[in-house]
Amino acid sequence: MVNRLAQSQSLYLRKHAENPIDWWPWCDEALETARSENKPIFLSIGYSSCHWCTVMEGEAFSDRAIAQYMNSHFIPIKVDREERPDIDSIYMQTLQMMTGQGGWPLNVFLTPDERVPFYGGTYFPVEPRYGRPGFLEVLQAIRRFYDTEKGKVEAFKAEILSNLQQSAALSGVTAELNRELFQKGLEINTGIVAGHNPGPSFPMIPYAELALRGTRFNFESKYDSKQVCTQRGLDLALGGIYDHVGGGFHRYTVDATWTVPHFEKMLYDNGQIVEYLANLWSAGIQEPAFETAIAGTVEWLKREMIAPTGYFYAAQDADSFNTSEEVEPEEGAFYVWTYAELEQLLTAEELAEIKAQFTVSRSGNFEGKNVLQRRHPGRLSDTVETALAKLFAVRYGGNPNTVKTFPPARNNQEAKNDSWPGRIPAVTDTKMIAAWNSLMISGLARAAAVFGNLEYLELAVKAANFILDNQWTEGRFQRLNYDGQSAVTAQSEDYALFVKALLDLHQASLTLGNGEEAKQLPNSQFWLEKALQVQEEFDEFLWSVELGGYYNTAQDASGDLLVRERSYIDNATPAANGIAIASLVRLALLGPNLEYLDRAEQGLQAFSSIVQDSPQACPSLLSAIDWYQHSTLIRTSPDQISGLISQYYPTAVCQIEADLPEGVIGLVCECLTCKEPAKSQERLLEEILQSQTRV
């Protein structure tokens, strides 16, 4: 017997379709049922590749006693956070207010009238363990509290709602957007990247990207920003967070040494990391492992993560089956190696070289098995490459030169029942998310420009064209696509990141779009025109005229939300407003249209008190301030473009100028002021550097 979620397009929701819990999707009918029956709402939010979401689905949500009590006393609603990040953002914030921490699965209990939380948590076990009460015990206590403590529920509800509304409105006080504000924020965020925490290690690319911007200044600092950024690149490219056999990055490592990953692979991480490593290379930090990791990630994308129509899939699970007879998948099974396997598969010379270059041992580093983590930077030897190809063949059933495509397992049944040539793969969530695709498009576009790689650009173009051709319904941008069907009105991160991606394609096309092989690709002007069109819709539906900045959702898509938030805090992905404001500055330079610059200033002023008081929360806004303070337009000839775009000028955009004055090779403009025409390359580079670091 299946529940309402069986018909959902979301893989995450469908995973709960056979639960005995009478789940509802988030919809008007569910909310009205809660009101009319005066039952508290149990809201559970997660995503398909979340390990502990999967554990709770197989335990508490599959328990019949729990389901019977839940169905009688609550209205249970399931939400896929990747479909509705606006809902997730609000209730994650309330959980953090209540408990001081958050995470997924996100489980909160809401009043039926105003949908305000009065209790919440993350993972709840079936029986008491890990210092957590059993879930049935929690449900009984919550229902008893709701029935007998109406006054406390109302008081708690009022406090939470007031805090949410204050948070959404922000302070009316503004801070001056001066150099000191930017320098303070840069110092604090560079320190976060440099920090050595004892817990899990996350990529934190918005922080690393801001720290990299600091390498061009001579600010007094306790940190060597170049060393800090190089080390983050090495941690990523050498660590167990990178899949050295198949390519692509896992979400994070569970340790401080970047060794053992939480094995899911998220598109949004991979897009950001590719762009960051390419920027490190362009900044002169040309570690071969960075180029290898980018190339390997692109191969993983081509093999496993690209739909036939050109868009990128969303994620791959952490867990997979060792055999088709297993009932539950095992974390990391697709990726790890026993020492006995390595002894059997590799020659003595290959095993010795693998042990010298990777953290491989008989006892292993993950539950008796080995996660491959490189010990040294540099290029890998031919012997190691041969050994890795043998491991690839075991995993995929063929060598890297022959296995060019590897079809996704769309659910556990496909994973267990299909005939795989190698190991049983993790399940792939094949939905298209506009924001995440945009991050990957930006990463590929930047890597294409830096390495002069036309294939990277072609992959980015195909994904961007899919979005342009398929993601508008009745004139409105849509966030998701399920097998050709668009869904869910786009949110601020979709608009902001897609505009950025289109502008990144504009820049990459300036340098790679002129060759004979690139003639079939759209020219740079096409991407600029599309960026302007998407920006116009973004401004119309999500810009806050009264407050400044962009709302997460449009007015006509916010009726079921407690508040309309304006995202400014960076998490695993950059905050929409930081990215959007930076793009406004870029559009002002390329337009040219000073209305975009006015809007960028208004947006920065709207969040300036946050930047001043909590710079550690918003590195993307600080990057936007960098764009605002150091914006540079470089107008030059086609033969100069590629040499400039491949360099690290983080607040510059380039334009091809057909009619330069005689003897002039480039013109540099600092937003509203142009410098003297440069008649030599030395002078041009000097003017660019001055503009990028000006006071």
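This structure is a prediction, so every number in the text was calculated from the model and none was measured. (Residues numbered from 1 in each chain as written. Predicted model: local features only at pLDDT ≥ 70, side-chain atom pairs only at ≥ 80, totals over all residues. Heavy atoms only, no water.)

Attention shifts here to helix H26 (residues 681-693). Compared with an ideal rise of 1.5 Å per residue, which puts 13 residues at 18 Å, H26 spans 19 Å between its outermost C-alpha atoms and is within 8% of the ideal. Looking only at H26, the buried set comprises Leu 684, Glu 687, Ile 688, Ser 691 and Gln 692. One side of H26 carries all its buried residues, which in axial view fall inside an arc of 130°. In the core, the buried residues of H26 are packed alongside helix H24 (619-630), strand E17 (632-636), helix H25 (638-645), strand E18 (652-656) and strand E19 (666-670). (Helix = DSSP H or I, 4+ residues; strand = E, 2+ residues; numbered from the N terminus. Expected span 1.5 Å × (residues − 1). Buried < 20%, exposed > 50% of the residue type's maximum accessible area, 1.4 Å probe, protein only. Arc of directions from axis to C-beta. Contact = heavy atoms within 4.5 Å.)

Below, the discussion takes up the sheet that holds strand E12 (residues 428-429). Taken together, the 3 strands give an open sheet; going across it, the order is E8-E9-E12, and neighbouring strands pair in antiparallel fashion. Every interior strand has two partners, whereas the edge strands, strand E8 (265-266) and E12, have only one. Taken together, the 2 bridges between E8 and strand E9 (residues 315-316) define a ladder with antiparallel strand orientation. Within E9, the position partnered with Met 266 by the bridge is Ala 315. (Pairing = 2+ DSSP bridges.)

The next subject is the environment of Gln 640. Here Gln 640 lies in helix H25. Between the alpha carbons of Gln 640 and Gln 681 there is a distance of 8.8 Å; along the sequence they are 41 residues apart. Contacts of Gln 640, omitting those with residues within four sequence positions, involve Ile 665, Gln 681 and Leu 684. A polar contact is formed between the side chain of Gln 640 and the side chain of Gln 681, at a distance of 3.2 Å. (Polar contact = N/O pair within 3.5 Å; in protein donor to acceptor, adjacent residues only side chain to side chain.)

Here we take up the pattern of salt bridges. Following the criterion strictly, the structure yields 41 salt bridges and no others. Across the pair Glu 330 and Lys 369 runs a salt bridge, and its minimum N-O distance is 3.2 Å. Here Glu 330 is found in strand E11 (residues 330-331), whereas its partner Lys 369 is found in the loop between helix H14 (348-357) and helix H15 (382-396), with 39 residues between them in sequence. Residue class for Glu 330 comes out partly exposed when judged on its relative accessible area of 28%. (Salt bridge = Lys/Arg side-chain N within 4 Å of Asp/Glu carboxyl O.)

Here the focus is the packing of aromatic side chains. Under the defined criterion, the tally for this structure stands at 39 aromatic pairs. Seen from their ring centres, Tyr 47 and Trp 104 are 6.0 Å apart, and the 80° between their planes marks the pair as edge-to-face. Pair noted here: Tyr 47 is in the loop between strand E2 (41-46) and helix H3 (51-58) and Trp 104 is in the loop between helix H5 (85-99) and strand E4 (106-110), with a separation of 57 residues, a long-range link. According to the relative accessible area criterion, Tyr 47 is buried, its value standing at 2%. Consider the rings of Tyr 396 and Phe 406, whose centres lie 5.0 Å apart with planes at 90°: the pair is edge-to-face. In this pair, Tyr 396 is assigned in helix H15 and Phe 406 in the loop between H15 and helix H16 (412-417), connecting sequence segments 10 residues apart. (Phe/Tyr/Trp six-rings, centres within 6.5 Å; stacked < 30°, edge-to-face > 60°.)

As a further point, take the packing of helix H21 (residues 576-590) against helix H22 (residues 594-606). The contact between H21 and H22 brings their axes to 8 Å, and the two run at 160°. With respect to H22, the element H21 is oriented roughly antiparallel. As H21 packs across H22, the resulting crossing turns out to be left-handed. Contacts between H21 and H22 involve Ile 581, Leu 584, Val 585, Leu 587 and Ala 588 from the first element and Tyr 596, Leu 597, Arg 599, Ala 600, Gly 603 and Leu 604 from the second. (Axes fitted to C-alpha atoms, helices over the stretch in contact; angles between N-to-C directions. Parallel < 35°, antiparallel > 145°, perpendicular 65-115°, else oblique. Left-handed = near helix turned anticlockwise from the far one by under 90°.)

Moving on, we come to the pairing of E2. Counting buried residues along E2, 6 of its 6 residues qualify, which places the element largely inside the surrounding structure. Of the two faces of E2, both are covered, the one formed by Ile 41, Leu 43 and Ile 45 as well as the one formed by Phe 42, Ser 44 and Gly 46. Across 6 bridges, the pairing between E2 and strand E3 (residues 75-80) is parallel. Each residue of the ladder has a partner; that of Leu 43, found in E3, is Ile 77. When E2 meets E4, the two strands line up antiparallel, connected through 5 bridges. Within E4, the residue paired with Ile 45 across the bridge is Leu 106.

With that settled, the discussion passes to the domain arrangement of the chain. The domain boundaries assigned to the chain delineate domain 1 (4-169), domain 2 (222-305 + 315-429) and domain 3 (432-692). On a C-alpha basis, the centres of domain 1 and domain 3 stand 37 Å from each other. Counting residues at the interface gives 24 residues for domain 1, matched by 22 residues for domain 3. Between domain 1 and domain 3, the buried area comes to about 1,900 Å², and carbon and sulfur atoms account for 52% of it. Connecting domain 1 to domain 3 are 1 salt bridge. Linking Arg 84 and Asp 560 is a salt bridge whose minimum nitrogen-to-oxygen distance equals 3.6 Å. If you list the elements that add at least two residues to the side of domain 1 that touches domain 3, you get H5 and helix H7 (150-169). (Domains from an automatic or database assignment. Buried area = accessible area lost by both parts, 1.4 Å probe.)

Its 15 residues place the ends of H5 20 Å apart at the C-alpha level, agreeing with the 21 Å of an ideal helix rising 1.5 Å per residue. Buried within H5 we find Pro 85, Asp 86, Ile 87, Asp 88, Ile 90, Tyr 91, Met 92, Gln 93, Thr 94 and Leu 95. Just downstream of H5 lies Gly 100, where phi reads positive at about 85°.

Right, let's get into the state of the cysteines. In total, this model carries 2 disulfides according to the counting rule given. For Cys 50, the disulfide goes to Cys 53, at an S-S distance of 2.4 Å. Looking down the S-S bond of the Cys 50 and Cys 53 bridge, the torsion is 80°, so its handedness is right-handed. For the pair Cys 50 and Cys 53, one class covers both residues: buried. Between the sulfur atoms of Cys 669 and its disulfide partner Cys 674 the distance amounts to 2.1 Å. Judged by the torsion about the S-S bond (90°), the Cys 669/Cys 674 disulfide is right-handed. For Cys 669, a relative accessible area of 4% translates into the label buried. Bonded cysteines in the chain are paired 1-2, 3-4 when counted in the order they occur along the chain. (Disulfide = S-S within 2.5 Å.)

Its location among the elements puts Asn 465 in helix H18 (residues 454-470). Residues Asn 465 and Tyr 311 lie 154 residues apart in sequence; the distance between their C-alpha atoms is 8.8 Å. When near neighbours in sequence (up to four residues on either side) are disregarded, Asn 465 contacts Pro 522, Phe 526 and Trp 527.

This part takes up the packing of helix H19 (residues 492-512) against helix H20 (residues 524-542). Between H19 and H20, the shortest axis-to-axis distance is 8 Å and the interhelical angle comes to 165°. It follows that H19 is roughly antiparallel to H20 by the angle criterion. Our pair here, H19 against H20, has a crossing hand that is left-handed. Residue-level inspection shows Ser 492, Tyr 495, Ala 496, Phe 498, Val 499, Leu 502, Leu 503, Leu 505, His 506, Ser 509 and Leu 510 of H19 in contact with H20, the latter providing Ser 524, Gln 525, Trp 527, Leu 528, Lys 530, Ala 531, Val 534, Gln 535, Glu 537, Phe 538 and Leu 542. Across the contact of H19 with H20, the residue classes break down as 14 nonpolar, 6 polar and 2 charged. (Nonpolar A, V, L, I, M, F, W, Y, C, P; charged D, E, K, R; others polar.)

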